[in-house]
Structure formats: structure tokens, C-alpha cells
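Residue-level listing of the chains:
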Amino acid sequence: MALGKRHTRGLCTASSTAPAAATGRIADFSSASGVGDQKNPIPAKIVTYGLPKPLDPAFQSYTTTGGHLNIKINAPATSSPQLLGTLLQFDSCIDASVFTGVEFAVSGAFSGCSLVYATGDVEHEDVTKSSTFASGPEGSYVPQHKIAAEDLSTTPRTIKLPFANTDIRGNPPTPLDPAKLIFTLWQFVVPVAADGGSDSPPCSANLTIGDIKFYR
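Here's what I pulled together on the structure shown here. (Residues numbered from 1 in each chain as written. Predicted model: local features only at pLDDT ≥ 70, side-chain atom pairs only at ≥ 80, totals over all residues. Heavy atoms only, no water.)

As paired strands, strand 2 (residues 25-27) and strand 12 (residues 203-215) are joined by two bridges and run antiparallel to one another. Bridging from a neighbouring strand, Arg 25 pairs with Lys 213 of strand 12. The pairing of strand 5 (residues 68-75) with strand 12 spans seven bridges and is antiparallel. Note on strand 12: the bridge partner recorded for Ala 75 is Cys 203. The sheet contact formed by strand 7 (residues 101-111) and strand 12 spans ten bridges and is antiparallel. Bridge assignment links Gly 108 to a residue of strand 12, and that residue is Leu 207. (Pairing = 2+ DSSP bridges. Helix = DSSP H or I, 4+ residues; strand = E, 2+ residues; numbered from the N terminus.)

Here's what the structure looks like:
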């Protein structure tokens, strides 16, 4: 899944790859930049995107408060399907091959759209559209897990999502490579507006995410 221009394009090499912390910690949103763990940080930044075109910040935003990432969406349906994503973009490739997947605590609600989570690797990142670490062919996108609206509530719930056995196969249709990870992603998919959009509800979401880590 190409997510816009970010880093100097390149492959994961020994010099550009860091091992995941033994604790598995990815982010607790306690540092000044909003991401990272004081003892075992993964240098990263938070990035938002809208496809096929960027959205007004009034429709898509995030904050980091109280050790959590809060994502808010209020986007109208249009004549084209939309992808609205918020990701933690790692500054280097991360080798998490000793782990099974990613877990995080999440609370909140969403409606008028669907939600997927993905852990991204270089082999499913479109090298023709991304200037980050990427080696995937044109049209690449990452394998994804679906998160149902009924699975969320106002009470935080820990969700564990493995690198394998995803709900949506990526392109190319190969397994995720946990030794070459470059981001974690929460993406809302807004369907095409029905009947010109007059009766289509907007994509509305308010999620709070925290304690993101790799698990064994």
C-alpha cells in the first residue's frame, strides 16, 4: 500500500535494520514526539493520509494525550471509495521475527465505514509510489486484518493480530516478512456514496489506541 513520499527509497539492509526491543514495545505515546518508549524506543513518526486525495484536516485528525493515540474521522462519502489512514512510520526497518504479531489496546466507536489494521513490510510497499523503504512491485499493498465495529466499546480491549492468517491478502500474495517491518497502520475504508450522496452517512470515528507492542 503506497502511502506517499517519506524516506529515501531503499531496501532493508543490515545497516538500516534495528531489532525490536525484547519487551516488544512499539509505542506508548509518552515522549515529546508522541511515540516511543523511554527505555526501548522505536524511532517513528505519526503520518495520516487520504486516498485518492488528501482530506481536509477537519475530516481527519489525531492527538496524543495521556499516553494514547486518539484518531478522529468525520468524512463524507463521495463518488469514489476513500482510504483514510493513520500509521506509525518507523525511521528504520524493524526485525520482529522472534515475535508472532502486534497487539494494542483500543476503545471507541466508528460507523459509516469499515476499519482494517495492518503491519507493513518493504515487500508489500509499492516501490513506484513510495520513497520509503520499499521493494514491492507496482500495485503492492499490505495484508490486512478487519476490525468490526461491534468488537469495540468505551472500555479498552486488547486486540492481538498475528503477522500471518490475515483477513485480506496483500499484493503480492506472499506472507508478511516480520524481519522487514516499516509501519503499523489503522485505515478506514469509506464506501461510495449512494444516490449521489444525499442519503449516505459520513464515516464517523473516534478511537483511542495505546500500549502497542509485538507479542510472542
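That covers the picture; the talk isn't over yet.
For the rest of this paragraph, the subject is the side chain of Asp 121. When you line up the elements, Asp 121 lands in strand 8 (residues 114-121). Nearest to the buried, unbridged Asp 121 among oppositely charged side chains is Lys 180, at 7.9 Å. Within the structure, Asp 121 has its side chain in polar contact with the backbone nitrogen of Asp 177 (distance 2.8 Å). What Asp 121 contacts, discounting residues up to four positions off in sequence, is Val 142, Pro 175, Leu 176, Asp 177, Lys 180, Leu 181 and Ile 182. (Buried < 20%, exposed > 50% of the residue type's maximum accessible area, 1.4 Å probe, protein only. Lys, Arg positive; Asp, Glu negative; His and termini not counted. Salt bridge = Lys/Arg side-chain N within 4 Å of Asp/Glu carboxyl O. Polar contact = N/O pair within 3.5 Å; in protein donor to acceptor, adjacent residues only side chain to side chain. Contact = heavy atoms within 4.5 Å.)

This paragraph deals with the pattern of salt bridges. Note on pairing: side chains with opposite charge can pair once their charged atoms come close. In this structure the tally under the stated criterion is four salt bridges. Of the charged contacts in the structure, one is a salt bridge between Glu 123 and Lys 180, with a shortest N-O distance of 3.1 Å. Taken together, the positions of Glu 123 in the loop between strand 8 and strand 9 (145-147) and Lys 180 in the loop between strand 10 (157-162) and strand 11 (181-190) put the pair 57 residues apart, joining distant regions of the chain. Exposure remark for Glu 123: the relative accessible area of 24% places this residue in the partly exposed category. The class for Lys 180 is partly exposed, based on a relative accessible area of 28%. One salt bridge in this structure joins Asp 211 and Lys 213, with 3.7 Å as the shortest N-O distance. Members of the salt-bridge network, linked through shared partners, are Arg 25, Asp 211 and Lys 213.

Position of Pro 143 among the secondary structure elements: in the loop between strand 8 and strand 9. Among residues more than four places away in sequence, those in contact with Pro 143 are Tyr 117, Ala 118, His 124, Thr 166, Ile 168, Arg 169, Gly 170, Thr 174 and Leu 176.

For the rest of this paragraph, the subject is unusual backbone geometry. In the segment running from Leu 51 into Pro 52, the intervening peptide bond is cis, with an omega of 15 degrees. With an omega of 5 degrees, the peptide bond between Asn 171 and Pro 172 qualifies as cis. Counting through the fold element by element, Pro 172 comes out in the loop between strand 10 and strand 11. At Asn 165, a residue that is not glycine, the phi angle is positive and equals roughly 55 degrees. Mapped onto the secondary structure, Asn 165 falls in the loop between strand 10 and strand 11. Positive phi outside glycine occurs at Asp 211, with the angle close to 50 degrees. Mapped onto the elements, Asp 211 comes out in strand 12. Relative accessible area serves as the criterion here: at 33%, Asp 211 is assigned to the partly exposed category.

The quantities given are spatial measurements derived from coordinates; they are silent on function.
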